[in-house]
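Below, each chain spelled out in residue letters.
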Amino acid sequence: MTMKHVRALNKKARLFEENAEQRKKTRDEDVVALQAPSLGCSLIFDPGWETDSAGGVTGLCQPVEADLYGCYDDCWWPAQVPDQLTNHLTWSDSCASAERDWRKLDLIYPEGT
Amino acid sequence: MVAAPKRPLQRCLRAAAMAASLAALAFAQESELYVLGVHPHGIVVFDGTRNEIVTEIQTRGRAPKELVPSADGKFVYVTSDGRAKLEVVNLETRAVDKVLELAPPGYRLTIFGVVINRNGGRLYVHVKPVRELIDQYVVDPPQVWSVDVATGKARKIAEVPQGVVALALTRDERQLLAWGRDLYYIDLAEGRITDTFRLMNPANPTEGALNTLALFVQYERSGIFSIPYYTKDPITSKDLMGLVNLDVNTGKVDTVELGAPIPLYSAVVSPDRKRAYAVMNQLVAIDLEHQRILQTIDLDRTRYVANISRDGKRLFISGAAPYIHVYDTDTLQLVKTIELPGDPAVTGFRALPPGAMR
Amino acid sequence: MSQSPSIQSFVPLSRLLATPATLGEFPTSPHTSFAPVVFGDLTDRPGAELSEIRQFRIGGKSYVFVPAVTAIFGLDELGSEILELLRPPQAQSASATEAVQTPATRHVPLAEIIPALQPRHHRSDIVAAIKELRGIGALRLVGFREEGLNSPAPQLPPMPFPQRTLVLNVANDCNLGCSYCFAAQGDYGTPKRMMSEETARRSVDFLLSNSGNHKTVTVVFFGGEPLMNLKLIRGLVDYANDAGAKAGKEVEFTMTTNATYLTREVIDFLSEKRIGVSVSIDGPKQYHDLRRTYKSGNGSYDFIRPRVLDLLNRHKTRPIAARATLTHGVTAVQECFWHLKEMGFHEVGFAPVTSAAQDEFALTHDEMWQVMDEFRQLANLYVEKAIHNQHLGFSNVSNILSELHAGVVKAYPCGAGLGLLGVGADGDLYLCHRFSESREHRMGSVREGLDEAKQEQFLRQAHLSRKSGCQLCWVRHICSGGCHHEAYTRHGALHTPNAHYCEWIRTWIDIGLDCYARIMDPNPFFFEKFIDKRGA
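These numbers come from a predicted model, not from an experiment.

(A) View of helix α11 (residues 395–406) of chain C. Residues and elements named next belong to chain C. Compared with the 16 Å implied by 1.5 Å per residue over 12 residues, the 17 Å span of α11 between its first and last C-alpha is a close match. Judged by how many residues are buried, α11 sits mostly within the fold: nine of 12 residues are covered. When we look at burial in α11, the residues that qualify are S395, N396, V397, S398, I400, L401, S402, L404 and H405.

(B) Fine view of the packing of aromatic side chains. In this structure the tally under the stated criterion is 32 aromatic pairs over all chains. When the centroid spacing of 5.9 Å and the interplanar angle of 85° are considered together, the rings of F16(A) and F73(C) count as edge-to-face. With F16(A) in helix α1 (residues 11–33) and F73(C) in strand β4 (residues 71–75), the pair connects residues from two separate chains. Looking at F73(C), the relative accessible area reads 0%, which means it is buried. Measuring from ring centre to ring centre gives 5.7 Å for F65(C) and W474(C), while their planes differ by 80°; the resulting arrangement is edge-to-face. Here F65(C), found in strand β3 (residues 61–66), pairs with W474(C), found in the loop between α12 (452–462) and α13 (476–479); they are 409 residues apart in sequence, far enough to count as distant. Put simply, the rings of F337(C), W338(C), F350(C), F375(C), F394(C), Y501(C), W504(C) and W508(C) pair up and form one aromatic cluster.

(C) Spatial organisation of the packing of helix α5 (residues 230–247) of chain C against helix α6 (residues 264–272) of chain C. Residue and element names in this part refer to chain C. The interhelical angle for the contact between α5 and α6, taken along N-to-C directions, is 25°, at an axis separation of 12 Å. It follows that α5 is roughly parallel to α6 by the angle criterion. Viewed along their axes, α5 and α6 form a crossing whose handedness is left-handed. Facing α5, whose interface residues are L230, I233, R234 and V237, α6 presents E265, V266 and F269. Among the residues making up the contact of α5 with α6, the classes are represented as five nonpolar, no polar and two charged.

(D) Region of the structure containing the sheet that holds strand β1 (residues 6–8) of chain A. Read across the open sheet, the four strands follow the order β1(A)-β4(C)-β3(C)-β2(C); overall the sheet is antiparallel. Strand pairing shows two members of the sheet lacking a second neighbour, β1 of chain A together with β2 (54–58) of chain C, which therefore form its edges. Within this sheet the neighbouring strands show an average axis-to-axis angle of 30°, counted without direction. As judged from the five bridges shared by β3(C) and β4(C), these two strands associate in the antiparallel manner. Looking at the pairing, V64(C) lines up with F73(C) of β4(C). Against the sheet, helix α1 (residues 77–86) of chain C engages β2, β3 and β4 of chain C, with an angle of about 135° to β2(C).

(E) Structural view of the state of the cysteines. All names here are of chain C. Overall, the coordinates contain zero disulfides over all chains when judged by the stated rule. C479 carries a free sulfur, and the closest cysteine sulfur to it, the one in C470, is 6.2 Å from it. Judged by its relative accessible area of 21%, C479 is partly exposed.

(F) Up close: the sheet that holds strand β27 (residues 334–339) of chain B. Residues and elements named next belong to chain B. With respect to topology, four strands assemble into an open sheet ordered β24-β25-β26-β27, the strand pairing being antiparallel. Among the strands making up the open sheet, the edge pair consists of β24 (305–308) and β27. The average angle at which neighbouring strand axes cross in this sheet is 20°, direction not considered.

(G) Quick peek at the layout of surface pockets. Within this model, the second largest pocket holds a volume of roughly 1000 Å³. If you go around the second largest pocket, you meet 36 residues; those closest to its centre are D74(A), C75(A), L85(A), R108(B) and T110(B). Among the elements of the structure, β8 (107–116), β9 (122–132) and β10 (137–139) of chain B are those that each provide at least two residues to the lining of the second largest pocket. Considering only residue class, the lining of the second largest pocket consists of 16 nonpolar, six polar and 14 charged.

Definitions and limits used
- All residue numbers refer to position in the chain's written sequence, counted from 1.
- For naming, the first written chain is A and the first written ligand is 1, with later ones following in the order written.
- With pLDDT at 70 or above as the cut-off, local features in this predicted model cover only qualifying residues; side-chain atom pairs require 80 or more to be listed or tallied, and sums for whole chains, interfaces and linings still use all residues.
- To get the side-chain values, all heavy atoms of the structure are used, and hydrogens and water are removed first.
- Comment: elements are numbered from the N terminus, with helices defined as DSSP H or I runs of at least four residues and strands as E runs of at least two.
- One less than the residue count of a helix, multiplied by 1.5 Å, gives the span that helix is expected to have.
- A simple rule labels every residue: compare its accessible area, found with a 1.4 Å probe on the protein chains alone, to the largest value its type can have, and call it buried under 20%, exposed over 50%, or partly exposed in between.
- Two aromatic rings from Phe, Tyr or Trp, using only the six-membered ring of Trp, form a pair when their centres are within 6.5 Å; if the ring planes differ by under 30 degrees the pair is stacked, by over 60 it is edge-to-face, and anything between is tilted.
- The angle between two axes is taken between their N-to-C directions and runs from 0 to 180 degrees, where each axis is a line fitted to C-alpha atoms and a helix contributes only its stretch in contact.
- By the definition adopted for this analysis, an angle is roughly parallel if under 35 degrees, roughly antiparallel if over 145, roughly perpendicular if from 65 to 115, and oblique otherwise.
- Note on convention: near helix rotated counterclockwise from far helix by under a right angle means a left-handed crossing. Clockwise means right-handed.
- Any two residues whose heavy atoms approach within 4.5 Å are treated as being in contact.
- Any residue that is not Ala, Val, Leu, Ile, Met, Phe, Trp, Tyr, Cys, Pro, Asp, Glu, Lys or Arg is counted as polar, Gly included; the first ten are nonpolar and the last four charged.
- A pair of strands is considered paired only if DSSP assigns at least 2 bridges between the two.
- Here, two cysteine sulfur atoms that lie within 2.5 Å of each other are counted as a disulfide.
- Whether a set of points on the 1 Å grid over the protein atoms alone is a cavity depends on a 1.4 Å probe fitting there but being unable to get out, while an open set qualifies as a pocket with protein on both sides within 12 Å along at least five of seven lines; lining residues are those with an atom within 4 Å of a point.
- Grid points are joined across faces, edges and corners, and a volume is the space filled by probe spheres set on the points.

Dropping the structure here:
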């Protein structure tokens, strides 16, 4: 039990506790993993970085459009692209090259708008 | 200009010489072919001798990723649709023959790592299975399967740790190499991991953790699967990079330390194994014998993959934006730019074996 | 992504979806030369304010209920004091009957909270307690981009939704004529008829093939009076057991009956085939005979009493429950309860009658609160026994405890139209058994299959997020607007919340919370032994 002042009573509350344990564990692991320099997408299955190791963007993929499919297809990017895993599989099919044909990218709107 | 023959014998010899040189010309003109995937659903066959696109073949699924040519050059196996489908592309008919649906009912698979044996009858795949229940996903451990190409039936060989992205088969086909955080050697007869070459998890704390992402498979010319690594020297705290070179034929691994890091995605080793060329936002030429960087040039855009001609003289780089760039390997001068019909994304750039698409 | 806090919506049961914002979660910098950013101290945060919670005390102990996720926590003194500090002075603990428990919040700077508590507690404890309370969603830190408990957008459950239970109207007829019958004395206002064996088999086939991954399915024999078609039931039980075995599933059977057909032979059949029985009986004769009469008007109590006793004596393979309906003049809950327990029922459950306001048998407002009083007294007894590991058998309490224990967050009040469907005498599918034979609520048939378009339409319209009146109510995730049929009968509209019950339900759930905490702290084992087995 990680919590000292609050105790979980029902099953839902216990999930919070487990969740807190999990997040604490992940936080600890993360700190260790980041001792190695992360460049490009070297850390396996990480979501990608928003800055390069020097804190800028020159070390990232250039231009950013060229990196669109490379990154979002396999879920590397934490970018605001439509969900291509479950709900919007074909949103980019009209756009063969992101750099050239970006105008053909489909826009997704929430239901009811 | 040929001088008029003086005698019949000389004329014959002349004719023979001409025939021989014509034949030599024909042999020299036999094209080196390469394949890569393009968005949204295509495989492009590229002629690396004439520097032009031969054809584009439509895949059934979207976003083709891994490409694995068969040894006889007749087929290319392609993963698509979120790396869930495995398609069999027939290079002769230039169409997809069939799709191997490997996922059991109720499962979704993600395939990271495909390799085929020499006689083309068996594929090995690394899969990450997820069971889709009505209200939750249950993640199964990642595992390696053996697939019978004719029947499409899969058999589990072994479970592997998380993080595997590529497979390779040794020449004697006894061992399957799975490259993830570390390099795992799977004995196919025993059906388990019998050895590990530690990369990310060094046994010795004074060794740095070597961070690699072996997502780019392009070792046809040299047999050396070369991937840049990044690490921090645990004693000096200096950031370093190098190459991890896996000899696919024997399973032997070498590391080549190169110095201060340059971000790089992948590397290709020359046929004579003396040089390596690595790409991302720069193109770096590496002397493997003397373990040093020879030359670095800036690229105008990010590239993911590279492959090299059989004579080692021309380098083809691609990935990300819709172009193949051809470079001279000695001068690192840009020779030609070929436009592609779509973005290659994260996909292989594989050399086809001789005899393909004759 | 921030969500409007007043829109709460469907959260799947089995996994915690609402992830509270955690402390100090800026992504740690990828720069190797930087140390990971550490948030150890809170004094640079401006202040805290209460989230939507219901706090309650029992004896000396303090508890908090988090409505957004139906989580129940116990607090120590420090945790409780912190929450008290954050409550605006004029709004001391809201009464349970109030829909909104935290109507006004005030933002208290941490620079005030910590010193206010410091004489009695260590600073590090205070900081730790605030972090924990934040972690469970009881309070929010203000001035820092904070999301609170995430509520996913309202969405339909994954489709096709597996069927779990089918309620079969095997006999569209009844030998009694109970005045309050929602089935219009047995035939739902349609021609009297029996379900055919073929239809019954198709129903079982439908259930099995649409049950997805469920290992067990339930067939409920209903009507009218199901035992009027005993022949069909006999045949169907064997058929279903066979078909179930072939499909690799177990079939459970239950039946609701007026008990008039319980001959020894029938009882032995029910026992042998492990059919669970729910007997409709309202209490001792003077109450039961008020409404549960033959069509002639004569009461049925004398006739059924010996038969019920025989059932309880001989049928030992499944629990036997009594289901009593409370109506105008029949509100002596405890008297009825003890009478039925003495007869030998393992479980007794009470339901206030579903009625239009002007029905003769409808409960008056005062009677509803009399009933609540009696419920409360029985609930207290339930708790006393539970602490000693005994089960009183008062179903109403068991039901609410079960839902609280699981921490249900319901987008719909029940499984009607989802995992539970009613089958009419001709094989038509209905939202549930109460809507049997109602054309308007037909959803396909066991032969043609479920009308998925109608189902989708129903599920969209019935979703909790559409009930605007419910959105701020602290019991919304447990009540979810209440029974569709109740709403239809009382208000003429399927999707309207049962506003006539709101205060009553809030009071009852509050009693449930109270019971929960009073049992859980001394004897958590009770839940494992008696409650978990029920299945929420």
